[in-house]
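# A closer look at the structure
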Amino acid sequence: MSDEEHHFESKADAGASKTYPQQAGTIRKSGYIVIKGRPCKVVEVSTSKTGKHGHAKCHFVAIDIFNGKKLEDIVPSSHNCDVPHVNRTDYQLIDISEDGFVSLLTENGNTKDDLRLPTDDSLLSQIKDGFGEGKDLVVSVMSAMGEEQICGLKDIGPK
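Residues numbered from 1 in each chain as written. Predicted model: local features only at pLDDT ≥ 70, side-chain atom pairs only at ≥ 80, totals over all residues. Heavy atoms only, no water.

## Things to note about helix α1 (residues 121-132)
Applied cut-off: Strands here are runs of E lasting at least two residues and helices are runs of H or I lasting at least four, both read from the DSSP assignment and numbered beginning at the N terminus. Between the first and last residue of a helix there are one fewer steps than residues, each counted as 1.5 Å, and that sum is the expected span.
Helix length check: α1, at 12 residues, gives a terminal C-alpha distance of 16 Å against a target of 16 Å (1.5 Å per residue), a fit within 8%. With its phi angle positive at about 80°, G134 sits one or two positions after the end of α1.

Quick look at the structure:
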């Protein structure tokens, strides 16, 4: 046994899964589902009756939570579907850089500088106008399956 300490530089994540399995028949409207490898919010679910030898099938209509595209999938209700782990976190906006990145303040006092401004025009103009007026803004960041995007905005008053 040696007395020296070993320090390991870990560049990988903890190996936590980006999704978890859930039976298709238990996924409801306004829940989340992975369709074609994209995290989506379910807007419509319809279940067909079983055939003579078949399974009941669930027809999902969902909207991608990051790009707003509509996706559809049909899955037997007894089979498992992937459901993304979706997190929503609020950060205070510190700065907007010229290249379209935002600087955010995390709860522990560190800065987060790896997020782009949203592509949604109304949200983008609200953020830019509010920041230009010197308001204290809090942005909501939605994260799922290794992607993050600003999805909301709150005004917490003047600085």
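## Concerning the layout of surface pockets
Short version of the rule: Residues are called lining when one of their atoms sits within 4 Å of a cavity or pocket point, these points coming from a 1 Å grid over the protein atoms alone, where a cavity is a set in which a 1.4 Å probe fits but cannot get out and a pocket is an open set with protein on both sides within 12 Å along at least five of seven lines. Grid points are joined across faces, edges and corners, and a volume is the space filled by probe spheres set on the points.
Looking at the largest pocket, its volume works out to about 160 Å³. In terms of lining residues, the largest pocket is bounded by S17, K18, H85, N87, S143, A144, M145, G146, E147 and E148. Listed by contribution, the elements that provide at least two residues to the lining of the largest pocket are β10 (135-144) and β11 (147-158).

## A look at unusual backbone geometry
Worth spelling out the cut-off: Each residue's exposure class comes from its accessible area (1.4 Å probe, protein chains only) as a fraction of the maximum for that residue type: buried when under 20%, exposed when over 50%, partly exposed otherwise.
Phi at S30 is positive, roughly 70°, even though this residue is not glycine. Its identity as a non-glycine residue notwithstanding, M145 has a phi of 50°, on the positive side. With respect to the secondary-structure elements, M145 resides in the loop between β10 and β11. Of the residues examined, M145 reaches a relative accessible area of 23% and is grouped as partly exposed.

## As for the pairing of β10
A regular strand carries its side chains on alternate faces of the sheet. Using the following cut-off: For two strands to pair, DSSP has to find at least two bridges joining them.
The element β10 is extensively covered by neighbouring structure, given that nine of its 10 residues are classed as buried. The sheet contact formed by strand β7 (residues 86-96) and β10 spans seven bridges and is antiparallel. Across the sheet, residue Y91 finds its bridge partner in β10, namely V139.

## Comments concerning the environment of C40
Formally: Two residues qualify as a contact provided that any one of their heavy atoms is within 4.5 Å of a heavy atom in the partner residue.
Among the secondary structure elements, C40 is positioned in strand β3 (residues 38-48). Along the primary structure C40 and K70 are separated by 30 residues, whereas in three dimensions their C-alpha atoms are 8.6 Å apart. Apart from the residues lying within four places of it in its own chain, the contact partners of C40 are G31, Y32, I33, I35, A62, I63, D64, I65 and L71.

The quantities given are spatial measurements derived from coordinates; they are silent on function.
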